[in-house]
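Working through the structure, step by step
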Amino acid sequence: MSRAPAKRPSALPFSALLARRETGASSSAACQSRACQLRLQSLGLSAHLEVAPLHAEVVTSLDLDVAEGRYLLSASADGSLGICDVQDQAREPGAPAVSVEPLAIVDRATENGHRAGVSSAQWFPHDTGLFVSGSFDSHVKLWDTNTLSVACDFTMPGRVHCVAMSPVSVAHTLVAACGEGSSLVTLCDPLTGNAAHTLSGHRGSLWTACWSPRHEHQLVSAGTDKSVRVWDVRRSGSCLRA
């Protein structure tokens, strides 16, 4: 006789898992894992809107503005950047999804646009009036959203892999940039148009950088030397740990 397949134990609801955590019956790691599972299970495509294709090649970067949570900035390997309003509008049940067209696109045909693929793009953290982009054309550009013109243009030593601005800064508007051709993190200052401040310590090209979500002067970077370094940009020789 064939055996009936064993029944898998049903997963605890999150409220029960929290109760078990409070009594010490479950670990904090188990609670975190279950919370992630529940969030993933609740994800679904919007039935109300679809974003129309914006780019001819691979999309390399996405950033949703923090100020309103509705404007999506996208970058592509074709050298273009696009902006869409993705605010979900309530519609009648069964109504067809609305195709969202781009509010704006800048590409290689745009004056002072990037001449190679855009690897990274980010909104100015405090409003949607500015955004920054980094490209394989070795340029970091700060854009005025209203005029779609370049407010600042910084030349890097090689292809730019990543640009990043602090989400909590009130004392500075520095753009951290990193990429090929240098083992330095370059700090671009839109207020002065200067990119002379660099952070040295890595021994290879850099791939990514990220500002602390709590401390406006702290920055993390990583690259081909297989190291991760934490910096305080106010200090000379500012690597706090690696």
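Only a predicted model underlies this, so the values are computations on that prediction, with no experimental measurement involved.

Criteria and cut-off values
- Residues numbered from 1 in each chain as written.
- Predicted model: local features only at pLDDT ≥ 70, side-chain atom pairs only at ≥ 80, totals over all residues.
- Heavy atoms only, no water.
- Pairing = 2+ DSSP bridges.
- Helix = DSSP H or I, 4+ residues; strand = E, 2+ residues; numbered from the N terminus.
- Axes fitted to C-alpha atoms, helices over the stretch in contact; angles between N-to-C directions.
- Buried < 20%, exposed > 50% of the residue type's maximum accessible area, 1.4 Å probe, protein only.
- Contact = heavy atoms within 4.5 Å.
- Polar contact = N/O pair within 3.5 Å; in protein donor to acceptor, adjacent residues only side chain to side chain.
- Core = buried A, V, L, I, M, F, W, Y, C linked by side-chain atoms within 4.5 Å.
- Salt bridge = Lys/Arg side-chain N within 4 Å of Asp/Glu carboxyl O.
- Disulfide = S-S within 2.5 Å.

Here we come to the sheet that holds strand 4 (residues 81-85). Consider a sheet: its strands pair through backbone hydrogen bonds, and that pairing is either parallel or antiparallel. Taken together, four strands build an open sheet; the order of strands is 2-3-4-6 and the sheet is antiparallel. The two strands at the open ends of the sheet, each matched to only one other strand, are strand 2 (59-64) and strand 6 (104-106). Each adjacent strand pair in this sheet contributes to an overall mean axis angle of 15°, direction not counted. Bridging between strand 4 and strand 6 involves three bridges; their strand directions are antiparallel. Paired with Leu 81 across the two strands is Val 106, which belongs to strand 6.

Turning next to the environment of Ser 61. Assignment of secondary structure puts Ser 61 in strand 2. Its relative accessible area of 14% is what places Ser 61 among the buried residues. For Ser 61 and Pro 157, which are 96 residues apart along the polypeptide, the C-alpha to C-alpha distance reads 21 Å. Contacts of Ser 61, omitting those with residues within four sequence positions, involve Leu 73, Ser 74, Ala 75, Ser 119, Ser 120 and Ala 121. A distance of 3.2 Å separates the side chain of Ser 61 from the backbone nitrogen of Ala 121, its partner in a polar contact.

Before going further, it helps to spend a moment on the sheet that holds strand 8 (residues 130-135). Read from one edge of the open sheet, four strands run 7-8-9-10, paired in antiparallel fashion. A single partner strand is all that each edge strand has here, and the edge strands are strand 7 (118-123) and strand 10 (149-155). Taking each pair of neighbouring strands and ignoring which way they run, the sheet shows an average axis angle of 20°.

Counting residues in each nonpolar core, the largest one holds 14 residues, and the members touching the most others are Ala 176, Val 185, Leu 187, Leu 199, Trp 211, Leu 219 and Val 233. Where this core is concerned, the elements lending two or more residues are strand 11 (160-165), strand 12 (175-179), strand 13 (185-189) and strand 15 (206-211). Core analysis: the next-biggest nonpolar cluster, separate from the first, contains 13 residues, Val 140, Cys 152, Met 156 and Ala 177 among them.

Structurally, His 172 is set in the loop between strand 11 and strand 12. Only 3.1 Å separates the side chain of His 172 from the backbone nitrogen of Leu 174, close enough to count as a polar contact. Apart from the residues within four sequence positions on either side, His 172 is in contact with Ser 166, Trp 211, Glu 216 and His 217.

All chains considered together, the criterion is met by three salt bridges. Asp 85 is paired through a salt bridge with Arg 70; the nearest N and O atoms lie 2.4 Å apart. Residue Asp 85 is located in strand 4, and its partner Arg 70 is located in the loop between strand 2 and strand 3 (71-76); the two are separated by 15 residues in the primary sequence. With a relative accessible area of 19%, Arg 70 lands in the buried category. Here Asp 153 and Lys 141 are joined by a salt bridge, their closest N and O atoms 2.7 Å apart. Of the two residues, Asp 153 is situated in strand 10 and Lys 141 in strand 9 (residues 139-144); the sequence distance between them amounts to twelve residues.

This part takes up the pairing of strand 17 (residues 228-232). Extensive coverage of strand 17 is indicated by the burial of four of its five residues. Relative to strand 17, strand 16 (residues 218-223) runs antiparallel, the two sharing five bridges. Note on strand 17: the bridge partner recorded for Ser 221 is Arg 229. Once strand 16 ends, the chain turns through four residues before running back antiparallel as strand 17, passing Lys 226 with a positive phi of about 65°.

Our focus in this paragraph is the state of the cysteines. The tally for this structure, following the rule as stated, stands at zero disulfides. Here Cys 162 stays free of any disulfide, with the sulfur of Cys 178 as its closest cysteine sulfur at 4.8 Å. A relative accessible area of 8% means that Cys 162 is categorised as buried. Assessed through its relative accessible area of 4%, Cys 178 is described here as buried.

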